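Next come the chains, spelled out residue by residue.
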Amino acid sequence: MTVRRMLDTAHRIRSTRRLLNSPAIAYRPGFMSPPVAPPGWSRWLVPPAALSVHLSIGQAYAWSVFKPPLESALGLSGTQSALPFQLGIVMLGLSAAFGGTLVERNGPRWAMTVALVCFSSGFLLSALGAAVEQYWLIVLGYGFVGGIGLGIGYISPVSTLIKWFPDRPGMATGIAIMGFGGGALIASPWSAQMLESFGGDSSGIALAFLVHGLSYAVFMLLGVLLVRVPSGVPGARGAARPAPTGPQVSANQAIRTPQFWCLWVVLCMNVTAGIGILEKAAPMITDFFADSSTPVSVTAAAGFVALLSAANMAGRIGWSSTSDLIGRKNIYRVYLGVGALMYALIALFGDSSKPLFVLCALVILSFYGGGFATIPAYLKDLFGTHQVGAIHGRLLTAWSTAGVLGPLIVNWIADRQEEAGRHGASLYGLSFVIMIGLLVVGFVANELVRPVHPRHHVPAPKEAAHVQRQQPESA
């Protein structure tokens, strides 16, 4: 045996030992270990458990409801009032990346509990900050502490749902992640009604934050109590300890593959394109038709934002379910290729037709939501179910990047164009050209995705035992 073969064999044996002892294979025993589903348990009870978490943390998309009263009550600028949301999205990506392995090790019940505590505590800290008029407490609470809850809560059900629905992983993750996109449809009118009832001053805002924190704690607790893992998941109470089937890749190995970084680029480009419209939707449609004979009213602009949220939510279940039929690579070809076409149509003809503008924006936002919901299944196809939650968490750093990049491109360019004396649709022309270019980059990255090379796989236990037996003989 050559030295190279000996080193390769040793690496495979070490990898197998890590697999057998991996935190992703056995959850730590204890009170928070997820209970195994009893015989006859319906797997359709698991998506509602995930939805209870995602509908709650999806409130993040309704943060804009609090911006005007905070600016008025605490004397903040628009940039300052956006800081809690921006920090929350950054912490979402970072906590998902660094906490993904802990989620795999401890299981969905532990993860949902951590998400509940952090997300609700973030609101309670924000309530205290509003009551004493200390804005840094709101940033710390909602942005930092609540952001950790966002990240852990977002990835908490992913690997469990994939294990329950190996035949339809895209649909399963789409159902749960749909809740994150649709959470704002509940939170926006609810928050607005509370602020109207309690008042828009600091005490009214504090009371609204308090009600949010307590209400979401109760709602998320339903998911904590309801979640179950299938009997094949090792380490759960009453479960067996079978080895994973099919090619499996650990989280540490996954980030060393070109496939991971291609998907990172794919997700980042798709999210950047979607959030570029979502973040500035109301002023954008108003600017596009400001010089027309039928300008868009404030009420109509708000309705447009609601439509975008609905498209975002529908795309998460609709397009991710479609990916189970046509394949993950093909659905991302649609997201990125057709998305670029939609941006081109808005740039060329959007200011001359409101129906065309609205339709193209709705399609883009449905692709935005669909991209989020499909990526866990894409990761499962490439890397297997072994630590797929941890891999997903690391990939969500692309979301953190896009959350800064998309609004920065659209807002910075619009400001520069306005300073140059332009107005209306011309404020966004260059931004849309950039978005088309980014989507093309994502399309190319998706085309470069290939099956993961076997050298990155964690070998099955039987194979590793055979290799170990053969090593002394071959040497």
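For the structure itself, look to the data block above.
Note that the structure is predicted; figures quoted are calculated from it, not measured. (Residues numbered from 1 in each chain as written. Predicted model: local features only at pLDDT ≥ 70, side-chain atom pairs only at ≥ 80, totals over all residues. Heavy atoms only, no water.)

1. A look at the nonpolar core
- Formed by 116 residues in total, the largest nonpolar core has its most connected members in Tyr154, Phe209, Ile277, Tyr368, Phe372, Phe383 and Trp399.
- Here this core spans two domains, and each of domain 1 (45-226) and domain 2 (251-456) adds at least three residues to it.
- In contact with tryptophan 399, other than residues within four places in its own chain, are Tyr61, Ile89, Leu92, Tyr154, Phe180, Val271, Tyr368 and Phe372.
- If you look at the next biggest cluster of nonpolar residues, it comprises 11 residues, including Leu51, Leu161, Ala172 and Ile175. (Core = buried A, V, L, I, M, F, W, Y, C linked by side-chain atoms within 4.5 Å. Buried < 20%, exposed > 50% of the residue type's maximum accessible area, 1.4 Å probe, protein only. Domains from an automatic or database assignment. Contact = heavy atoms within 4.5 Å.)

2. A look at unusual backbone geometry
- Unusually for a residue other than glycine, glutamate 133 sits at a positive phi of about 55 degrees.
- A positive phi angle, close to 65 degrees, is found at glutamine 387, a residue other than glycine.
- Its place among the elements puts glutamine 387 in the loop between α15 (354-383) and α16 (388-395).
- Glutamine 387 sits in the buried class, given a relative accessible area of 9%. (Helix = DSSP H or I, 4+ residues; strand = E, 2+ residues; numbered from the N terminus.)

3. Details of helix α2 (residues 46-57)
- Over its 12 residues, α2 runs 17 Å from end to end, which matches the ideal 16 Å to within 8%, given 1.5 Å per residue.
- For α2, a buried count of 10 out of 12 residues is recorded, marking the element as mostly surrounded by other parts of the structure.
- Turning to α2, its buried residues are Val46, Pro47, Ala49, Ala50, Leu51, Ser52, Val53, His54, Ser56 and Ile57.
- Buried residues along α2 sit in contact with α5 (83-131), α6 (135-155), α7 (158-164), α8 (169-198) and α9 (202-226). (Expected span 1.5 Å × (residues − 1).)

4. Overview of a nonpolar patch on the surface
- A cluster of nonpolar side chains, Leu124, Phe198, Leu207, Leu210 and Leu214, forms an exposed patch at the surface whose accessible area comes to about 390 Å².
- Of the residues forming the nonpolar patch, the biggest block, 3 residues, is contributed by α9.
- Turning to its location among the elements, leucine 214 is positioned in helix α9. (Patch = residues over 30% accessible without salt bridge, like charges linked within 9 Å, V, L, I, M, F, W, Y side chains within 5 Å. Areas by Shrake-Rupley, 256 points an atom, 1.4 Å probe, with all protein chains shown as cover. Salt bridge = Lys/Arg side-chain N within 4 Å of Asp/Glu carboxyl O.)

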